[in-house]
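# Tertiary structure, described
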Amino acid sequence: MQAFPHHTDYGGIVWHGTYISWMEEARVEQLRLTGLDYHTLVEMGCELPVVDLNIRYHQAVKMGMQIVVKSRILPVKGVRLIFEYRIESLDGQYHYLSAQVTLVAINRETGKIMRRFPPVLQASLAQLVHELKL
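Quick notes on the rules
- Residues numbered from 1 in each chain as written.
- Predicted model: local features only at pLDDT ≥ 70, side-chain atom pairs only at ≥ 80, totals over all residues.
- Heavy atoms only, no water.
- Patch = residues over 30% accessible without salt bridge, like charges linked within 9 Å, V, L, I, M, F, W, Y side chains within 5 Å.
- Areas by Shrake-Rupley, 256 points an atom, 1.4 Å probe, with all protein chains shown as cover.
- Salt bridge = Lys/Arg side-chain N within 4 Å of Asp/Glu carboxyl O.
- Helix = DSSP H or I, 4+ residues; strand = E, 2+ residues; numbered from the N terminus.
- 1 Å grid on protein atoms, 1.4 Å probe; cavity = no way out; pocket = protein on both sides within 12 Å on 5 of 7 lines; lining within 4 Å.
- Points joined across faces, edges and corners; volume = space filled by probe spheres on them.
- Buried < 20%, exposed > 50% of the residue type's maximum accessible area, 1.4 Å probe, protein only.
- Contact = heavy atoms within 4.5 Å.
- Core = buried A, V, L, I, M, F, W, Y, C linked by side-chain atoms within 4.5 Å.
- Phe/Tyr/Trp six-rings, centres within 6.5 Å; stacked < 30°, edge-to-face > 60°.
- Polar contact = N/O pair within 3.5 Å; in protein donor to acceptor, adjacent residues only side chain to side chain.
- Pairing = 2+ DSSP bridges.
- Axes fitted to C-alpha atoms, helices over the stretch in contact; angles between N-to-C directions.
- Expected span 1.5 Å × (residues − 1).

## Thoughts on a nonpolar patch on the surface
Judged by side-chain polarity, Ile20, Val50, Leu53 and Tyr57 come together as a nonpolar surface patch covering roughly 300 Å² of accessible area. When residues in the nonpolar patch are grouped by element, the largest group, three residues, is from strand β2 (residues 50-57). Relative to the helices and strands, Val50 is located in strand β2.

## Overview of empty space enclosed by the protein
Once rolled over the atoms, a probe with the size of a water molecule shows which space is left empty. On inspection of all chains with the given rule, the structure shows one cavity of 30 Å³ or more. What the largest cavity holds in volume is close to 40 Å³.

## Digging into the environment of Tyr96
Tracing the backbone shows Tyr96 in strand β5 (residues 95-104). Given a relative accessible area of 4%, Tyr96 falls into the buried group. When neighbours within four sequence positions are excluded, Tyr96 is seen to be in contact with Arg56, Tyr57, His58, Gln59, Ala60, Val61, Met65, Ile67, Ile87, Glu88 and Ser89.

## What about the nonpolar core?
The biggest cluster of nonpolar side chains holds 31 residues, and the ones touching the most others in it are Trp22, Leu48, Leu81, Tyr85, Ile87 and Leu121. Where this core is concerned, the elements lending two or more residues are α1 (16-33), β3 (67-73), β4 (80-89), β5 and α3 (119-133). The residues contacting Leu121, other than those within four sequence positions of it, are Leu31, Leu36, Leu41 and Leu48.

## Focus: the packing of aromatic side chains
Taken as a whole and assessed by the stated rule, the structure comprises three aromatic pairs. Between Tyr19 and Trp22, the aromatic rings sit 5.7 Å apart at their centres with planes inclined by 80°, giving edge-to-face as the arrangement. Taken as a pair, Tyr19 and Trp22 lie in helix α1 at a separation of three residues, close to a single helical turn. Side by side, Tyr19 and Trp22 carry an identical accessibility label, which is buried. Between Phe83 and Tyr85, the aromatic rings sit 6.4 Å apart at their centres with planes inclined by 25°, giving stacked as the arrangement. The same class applies to Phe83 and to Tyr85, which are both buried.

## Here we look at the side chain of Ser89
The residue Ser89 is located in strand β4 in this model. Polar contacts involving the side chain of Ser89 include one to the side chain of Asp91, which spans 2.6 Å.

## As for the sheet that holds β2
The four strands lie next to each other as β2-β5-β4-β3, forming an open sheet whose pairing is antiparallel. Bordering the open sheet on either side are β2 and β3, each of which pairs with just one other strand. Averaged over all neighbouring strand pairs, the angle between strand axes comes to 15°, with direction disregarded. Bridge count for β4 against β5 is nine bridges, and the pairing is antiparallel. Within the sheet, the bridge partner assigned to Ile82 lies in β5 and is Thr102.

## What to know about α1
In an α-helix, one turn spans 3.6 residues; hence positions three or four apart end up facing the same way. Given a rise of 1.5 Å per residue, 18 residues ought to cover 26 Å, and the 27 Å separating the end C-alpha atoms of α1 matches this to within 8%. Taken as a whole, α1 has its buried residues at Gly17, Thr18, Tyr19, Trp22, Met23, Ala26, Arg27, Gln30 and Leu31. Gly35, located one to two residues past α1, shows a positive phi value of around 100°.

## Focus on the environment of Thr18
Position of Thr18 relative to the elements: it lies in helix α1. With a relative accessible area of 6%, Thr18 lands in the buried category. Once the C-alpha coordinates of Thr18 and Thr8 are considered, the two residues, 10 residues apart in sequence, prove to be 8.1 Å apart.

Shape is all these values report; function is a separate question.
This is the structure:
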């Protein structure tokens, strides 16, 4: 990923909210790589809103810099999904951000938390957790 001008403030420093967008993109892409497109989940009546977000900014990313967003899911307990993130330089020498995001599955019609994940999401999560153990 590259920090473009629209990601930055007037001083050329990446705006703090941009990191959240990058993390969201990484999470959606991680699910897509398991065969689950987020729009499919939404069409099935399921949303995954963020219920908790913890971010630690270590260093600023500046316009023009190339970074990598690393994302992994922690083992699933109940109906909470916890993703951890690390944003770093391409060579891994610089650590810009670490974060943890908690999501829950909700029914789009009722707005209530689902008691269990839809089967297609369960399958994707099982694949992600399995990769975590490798």
